[in-house]
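Letter by letter, the chains look like this.
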Amino acid sequence: MSINIPTPEKMQKYPWGVTVVSLFAVVVLLLYQVLHKTDCDECEQRYRSERSKNDLLTTALLIKNGIILQQAVEAKEKDSTITRKLNKSKEIVKRN
């Protein structure tokens, strides 16, 4: 199987065809270079910073709307229960 390379005469006869094929080849080449880029540490760092900003904003909005407030109250109650139990155990150890 041989590849037929078009002659300049055929290229002059079909200028739109040559243009379309050339543009297609350039687009495929650019897509290949963009998709196979492996060293994108800067992109990953920017993504993580934007993600953390987004998480902080979401948390702030949830606190403002009172959704996280209930969770904070429950966490405080658990912490106070643990502290009381820990203090009781320290007293028992001191007695013995």
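Residues numbered from 1 in each chain as written. Predicted model: local features only at pLDDT ≥ 70, side-chain atom pairs only at ≥ 80, totals over all residues. Heavy atoms only, no water.

1. What about the overall build of the protein chain?
Stage number 1. Scanning the protein chain from terminus to terminus reveals 4 helices and 0 strands.
Stage number 2. The order of helices and strands in the protein chain, counted from the N terminus, is α-α-α-α.
Stage number 3. Over its C-alpha trace the protein chain gives a radius of gyration of 33 Å, far above what one expects of a compact globule, namely 12 Å for 96 residues.
Stage number 4. In terms of its C-alpha atoms, the protein chain occupies a principal-axis envelope of roughly 105 × 35 × 25 Å.
Stage number 5. Sorting the 96 residues of the protein chain into buried and exposed places 1% on the buried side.
Stage number 6. When the accessible surface of the protein chain is summed, it comes to about 9,800 Å², and 63% of that surface belongs to carbon and sulfur atoms.
Stage number 7. Across the protein chain, 16 positive and 11 negative side-chain charges occur, with their mean positions spaced 8 Å apart. (Helix = DSSP H or I, 4+ residues; strand = E, 2+ residues; numbered from the N terminus. Rg over C-alpha atoms; globule rule 2.2 N^0.38 Å. Buried < 20%, exposed > 50% of the residue type's maximum accessible area, 1.4 Å probe, protein only. Areas by Shrake-Rupley, 256 points an atom, 1.4 Å probe, with all protein chains shown as cover. Lys, Arg positive; Asp, Glu negative; His and termini not counted. Charge placed at Lys NZ, Arg CZ, Asp CG, Glu CD.)

2. A short note on the pattern of salt bridges
Stage number 1. Using the criterion set out here, one finds 4 salt bridges in the structure.
Stage number 2. Close ionic contact of Glu50 with Lys53 constitutes a salt bridge, the shortest N to O distance being 3.8 Å. With a gap of 3 residues between them, Glu50 and Lys53 both fall in helix α3 (residues 41–64), about one helical turn apart.
Stage number 3. Glu91 serves as the salt-bridge partner of Arg95, at 3.9 Å between the closest nitrogen and oxygen. A residue pair is termed a helical-turn pair when its members lie 3 or 4 positions apart in one helix, as Arg95 and Glu91 do in helix α4 (residues 67–95) at 4 residues.
Stage number 4. Owing to a relative accessible area of 43%, Glu91 belongs among the partly exposed residues under this scheme. (Salt bridge = Lys/Arg side-chain N within 4 Å of Asp/Glu carboxyl O.)

3. A closer look at the environment of Met11
Stage number 1. Relative to the helices and strands, Met11 resides in helix α1 (residues 8–13).
Stage number 2. What makes Met11 partly exposed here is its relative accessible area of 35%.
Stage number 3. When residues no more than four places from it in sequence are discounted, the contact partners of Met11 are Pro6 and Val18. (Contact = heavy atoms within 4.5 Å.)

4. Examining α3
Stage number 1. Taking 1.5 Å per residue as the helical rise, α3 with its 24 residues ought to reach 34 Å, and the 35 Å between its terminal C-alpha atoms agrees with that figure.
Stage number 2. Just downstream of α3 lies Gly66, where phi reads positive at about 85°. (Expected span 1.5 Å × (residues − 1).)

5. Structural notes on the confidence of the model for the protein chain
Stage number 1. Per-chain confidence: the protein chain averages 81 in pLDDT, with 92% of residues scoring 70 or above.
Stage number 2. Confidence, expressed as mean pLDDT per element, reaches its minimum in the protein chain at α4 with 78 and its maximum at helix α2 (residues 15–35) with 89. (pLDDT = per-residue confidence, 0-100.)

6. Here we look at a nonpolar patch on the surface
Stage number 1. A contiguous nonpolar surface patch, about 410 Å² in accessible area, is contributed by Val27, Leu31, Val34 and Leu35.
Stage number 2. Mapped onto the fold, Leu35 is located in helix α2. (Patch = residues over 30% accessible without salt bridge, like charges linked within 9 Å, V, L, I, M, F, W, Y side chains within 5 Å.)

7. Quick notes on the environment of Phe24
Stage number 1. With respect to the helices and strands, Phe24 occurs in helix α2.
Stage number 2. For Phe24, a relative accessible area of 58% puts it in the exposed group.
Stage number 3. It is 62 Å that separates the C-alpha atoms of Phe24 and Lys76, two residues lying 52 residues apart in sequence.

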